[in-house]
Amino acid sequence: MNLGQAVLEALESLNSNKLRSGLTILGIVIGVAAVIAMLAVGEGAQQTITGAISGVGTNLLFVFSGNFQEEVRNPQPLTLADVDALRDQFQAPSVANVAPVINGQVRVSYSGEQATTTVNGVTPDYAVVRNYNVTEGEFINDEHLLGQASVALLGPEVAQKLFGRKDGVVGETVRIEGQPFRVIGLLESKGGGAFGSQDDVVMIPFTTAKSRVLRRTRDRVDVIFVQALDAEYVDEATDEISQILRSRHRIMLGPDDFTVFSQEDFVQTARTITGVFTIFLGGIAGISLLVGGIGIMNIMLVSVTERTREIGLRKALGARKRDILIQFLTESSLLSMLGGIIGIGFGWLISFAVGRIAAANNTPFTPSVGMNAILLATLFATAVGLFFGIYPANRAANLEPVEALRYE
Amino acid sequence: MDNDVVIRTEGITKTFRMGEVEVHALCGVSFMIQRGEILSIMGPSGSGKSTLMNILGCLDRPTSGEYYLDGNLVSNMGDDELAEVRNRKVGFIFQSFNLLSRASALSNVELPLRYAGIREGRRERAIESLKAVGLADRIYHRPTELSGGQQQRVAIARALINNPAIILADEPTGNLDSKSGKEIMEILLSLNRERGTTVIIVTHDPTIAAQTQRVIRLRDGLLENGA
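In every chain, residue numbers begin from 1 and rise along the written sequence. Key to labels: chains lettered from A, ligands numbered from 1, both in the order written. Thresholds applied to this predicted model are a pLDDT of at least 70 for local features of residues and 80 or more for the giving and counting of side-chain atom pairs; totals over whole chains, interfaces and linings are not thresholded and use all residues. Values shown for side chains rest on all heavy atoms present in the structure; no hydrogens or waters enter the calculation.

## What to know about the pairing of strand 8 (residues 179-187) of chain A
All names here are of chain A.
Point 1. The cut-offs for exposure are 20% and 50% of the maximum accessible area for each residue type, with area from a 1.4 Å probe on protein chains only; residues under the lower value are buried, those over the upper are exposed, and the others partly exposed. Only DSSP runs of H or I reaching four residues or more are called helices, and only runs of E reaching two or more are called strands; each is numbered from the N terminus. Burial of strand 8 is extensive: seven of the nine residues sit out of reach of the surface.
Point 2. When DSSP finds at least two bridges between two strands, those strands are taken to pair. Here strand 5 (residues 134-137) pairs with strand 8 via three bridges, running antiparallel. Bridge pairing in strand 8 places V134 opposite L187.
Point 3. Here strand 7 (residues 173-176) runs beside strand 8; their pairing, made up of four bridges, is antiparallel. The residue of strand 8 that forms the bridge with T173 is R182.
Point 4. Linking strand 7 back to strand 8 in an antiparallel pair, the connection comprises two residues, with E177 at a positive phi of about 50 degrees.

Here you go:
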């Protein structure tokens, strides 16, 4: 018997018991659909998150005080002197721009309306480094910085909260921690980012923040944003920054008391997290596939018992063990393969629906059904059918012809 | 060995174990069947005739003794070899027809050819075989759409398809009314007469046995008359 015939005969036999075959297939359909949908959601989440991080700029580096991997005692804070050192074109030729930031949570109010938001104390370079644009007004300039001016830029979300609109706010006066600030500009919307919404911010001059709002002593800086010349110079820039800060903090030996993060590091971290998440979801979905497989085994066992006489007859007519084995294995793998194919369709529909729901909730998120997920699910489903078919098929193949023929 | 001998058995025994008790179904049966014979095997129930039939049909192996079918020693063959012997040398006709209910008469008749690994001309051969039993106009009917006599004729067509050395019929008329039974016997007899097919009929019915050339009688696992 060749394979084509085996498949035809198996289809015939499955067709003769439509309800039973359908219900068995349903188990696999649910399993495969769940696997496909979960992998698609995981993949989509990964793409959305890494996309958001990449949107910040691929040539951007973040320098923090402290070391996230090793224990460091009394890490020295980053200071404005460190920032100046990083600006040195000879020691750090790969660095294009440096922007120190201090930040904190503050209360902002305007005629009774209140909002709690992040305030960033920034320098004019910050606009370039973080690629911020203003939709109206102007960014903070050197004069504001020198004069510790009481001026602020609002993110669109903050403007919405305070004024109920996203334009025409320049010239108004808001209170930050009770102190009056003149609004000099409105930031362009950047959407959600790796660290929460980038639109829910207020920016004020670095010097103002340091002395009057957030109060940092001894020229302390919370984060230094560094822009490398180009995405290709990120590694060189990282090395140069580390070199400079090590010598300035006098830690040429021992672990660093600062951390340089690149875009790529964030992307990697996010990938790892979403990868674990995907495997976790896929694993749970895989369990339902396993249950579907057990369903197949159950039905095939019933089918073998029911068709004992038929098996005996086939053996009397010259079927070898192998022929019977192939017959039943073909049936079980066809069941699971059909279930797999239908399941892929359903899984795709589910992930499409999840995407729609996410879009309706203003979370741009596109689950993507990858070719590898489809291949994996099909192969896995067929393997499940084969695996759970082996026992019943073996049982059928090993029936003694005499006894099988006598079976009532 | 004489080429005209199609079956030769030498002291065949068969012992079953039923728990602690050993049941001797056959206790040394030796006989020969000539090519082209038509004969019946008779005996009361429990005489071992079913066991003998299973062994003659290569569905089972004797506990001891030798069985030559068409010149080959088959009593110690493996499962797959026996399957091939059943496929090529033995045509079975059962009391309850044993047709696949969801397949057409044609597919039922074709089945042994599939297991023989034949791909070309299966259909033609199956149609030829169905014609030989007078069912040329019923080839696409399913067993449920055929009368008992017609079903048994399909079974005969199936038994004939591989030109077997022997046809083994187990109570072929047992489930049929007397008219259909008569027709089936006619077909078996004419097959023997016209084609020279060796036919072995296992039966209770003395009127059936009377129509064959020879009767082998079994009692308590032994032959009653000399073979």
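## Here's the deal with the interface of chain A and chain B
Point 1. Working rule for contacts: check all heavy atoms of both residues, and any pair within 4.5 Å makes them a contact. Counting from both sides, the interface comprises 25 residues of chain A and, opposite them, 21 residues of chain B.
Point 2. Buried area adds together the accessible area that both of two parts lose upon being put together, with accessible area traced by a 1.4 Å probe. Here chain A and chain B share an interface that buries about 2,200 Å² over both sides, 54% of which is from carbon and sulfur atoms.
Point 3. Per-residue buried area on chain A facing chain B is highest for L313(A), L317(A) and V402(A); these three make up 25% of the total on that side.
Point 4. A pair is scored as a salt bridge if a Lys or Arg side-chain nitrogen falls within 4 Å of a carboxyl oxygen belonging to Asp or Glu. Here chain A is connected to chain B by three salt bridges.
Point 5. With a shortest N-O distance of 3.5 Å, E310(A) and R102(B) are connected by a salt bridge.
Point 6. At the level of elements, helix 1 (3-15), helix 10 (308-316), helix 11 (321-360) and helix 13 (401-406) of chain A are the ones that each hand at least two residues to the side of chain A that touches chain B.
Point 7. The element contributing the most residues to the side of chain A that touches chain B is helix 10 of chain A, with six residues.

## Section: the domain arrangement of chain A
Point 1. For chain A, the assigned domains are domain 1 (3-53 + 271-406) and domain 2 (97-225).
Point 2. Residue ranges labeled as domains rest on an automatic or database domain assignment. Placing a centre on the C-alpha atoms of domain 1 of chain A and another on those of domain 2 of chain A gives a separation of 56 Å.

## Examining the environment of A373(A)
All names here are of chain A.
Point 1. Structurally, the position occupied by A373 is in helix 12 (residues 371-397).
Point 2. Along the chain, A373 and I344 lie 29 residues apart, while their C-alpha atoms are 9.1 Å from each other.
Point 3. Residues in contact with A373, not counting those within four places in the same chain, are I36 and L39.

## Here's the deal with the packing of aromatic side chains
Residues and elements named next belong to chain A.
Point 1. Ring pairs are drawn from Phe, Tyr and Trp, using the six-membered ring of Trp, whenever the two centres fall within 6.5 Å, and their geometry is named by plane angle: stacked under 30 degrees, edge-to-face over 60, tilted for the rest. Overall, the coordinates contain seven aromatic pairs over all chains when judged by the stated rule.
Point 2. Ring plane angle 65 degrees and centroid distance 5.4 Å describe the contact between F62 and F225, whose orientation is recorded as edge-to-face. Remark: F225 occurs in strand 13 (residues 223-228) and F62 occurs in strand 1 (residues 60-65); sequence separation between them is 163 residues.
Point 3. Within the aromatic cluster, the residues linked to one another by ring pairs are F62, Y126 and F225.

## Notes on the sheet that holds strand 4 (residues 64-69) of chain B
All names here are of chain B.
Point 1. What the four strands build is an open sheet, ordered 2-1-4-5; its pairing is antiparallel. One side of each edge strand has no neighbouring strand; the edge strands of this open sheet are strand 2 (21-34) and strand 5 (72-73).
Point 2. Where strand 4 and strand 5 come together, two bridges link them in antiparallel fashion. Looking across to strand 5, one finds that Y68 is bridged to L73.

## Points about unusual backbone geometry
A negative phi holds for most residues other than glycine; trans holds for most peptide bonds.
Residue and element names in this part refer to chain B.
Point 1. Positive phi, normally seen in glycine, also occurs at C58, with a value near 60 degrees.
Point 2. Tracing the backbone through its elements, the reader meets C58 in the loop between helix 1 (49-56) and strand 4.
Point 3. We classify C58 as buried; its relative accessible area is 1%.
Point 4. Positive phi, close to 45 degrees, is recorded for N163, a residue that is not glycine.

## A look at the packing of helix 9 (residues 263-306) of chain A against helix 12 of chain A
A pair of packed helices is captured by two measures, namely the crossing angle of their axes and the spacing between those axes.
Residue and element names in this part refer to chain A.
Point 1. Working convention: axes come from line fits to C-alpha atoms, limited for helices to the stretch in contact. Angles between N-to-C directions cover 0 to 180 degrees. At a minimum axis separation of 9 Å, helix 9 and helix 12 run at an interaxial angle of 25 degrees. Comparing their axes, helix 12 and helix 9 come out roughly parallel. The two elements helix 9 and helix 12 cross, and the hand of that crossing is right-handed. In this structure, helix 9 uses L289, L290, G293, I294, I296, M297, M300, L301 and V304 to contact helix 12, whose residues at the interface are F380, V384, G385, F388, Y391, P392, R395 and A396.
Point 2. Looking at the contact of helix 9 with helix 12, its residues break down into 14 nonpolar, two polar and one charged. Angles are sorted into four bins: roughly parallel if under 35 degrees, roughly antiparallel if over 145, roughly perpendicular if 65 to 115, and oblique for all others. By definition, any crossing whose near helix is turned counterclockwise from its far helix by less than a right angle is left-handed, and any crossing with a clockwise turn is right-handed. Polar here means any residue other than Ala, Val, Leu, Ile, Met, Phe, Trp, Tyr, Cys and Pro, which are nonpolar, and Asp, Glu, Lys and Arg, which are charged; Gly is therefore polar.

## Looking at helix 4 (residues 122-132) of chain B
An α-helical segment advances 3.6 residues per turn. Residues three or four places apart therefore align on the same side.
Point 1. If you check which residues of helix 4 of chain B are buried, you get R122(B), A126(B), S129(B) and L130(B). When helix 4 of chain B is viewed along its axis, its buried side chains cluster within an angular range of 100 degrees and face the same direction. Opposite the buried face of helix 4 of chain B, at more than 90 degrees from it, the exposed residues are E124(B), E128(B) and K131(B).
Point 2. On the buried face of helix 4 of chain B, the contacting elements are helix 1 of chain A together with helix 3 (105-115) and helix 5 (148-160) of chain B.
Point 3. Note on helix 4 of chain B: the residue one or two positions beyond its end, G134(B), has a positive phi of about 80 degrees. Taking the helix axis as origin, the arc is that swept by the directions to the C-beta atoms.

## Description of the sheet that holds strand 7 (residues 166-170) of chain B
Paired through their backbone hydrogen bonds, the strands of a sheet run either parallel or antiparallel.
All names here are of chain B.
Point 1. Ordered by their spatial adjacency, six strands build an open sheet running 6-7-8-3-9-10, and the pairing between neighbours is mixed. Whereas interior strands pair on both sides, the edge strands pair on one side only; in this sheet they are strand 6 (90-93) and strand 10 (222-223).
Point 2. Relative to strand 9 (residues 214-219), strand 3 (residues 38-42) runs parallel, the two being bridged by four bridges. Looking at the pairing, I41 lines up with I216 of strand 9.

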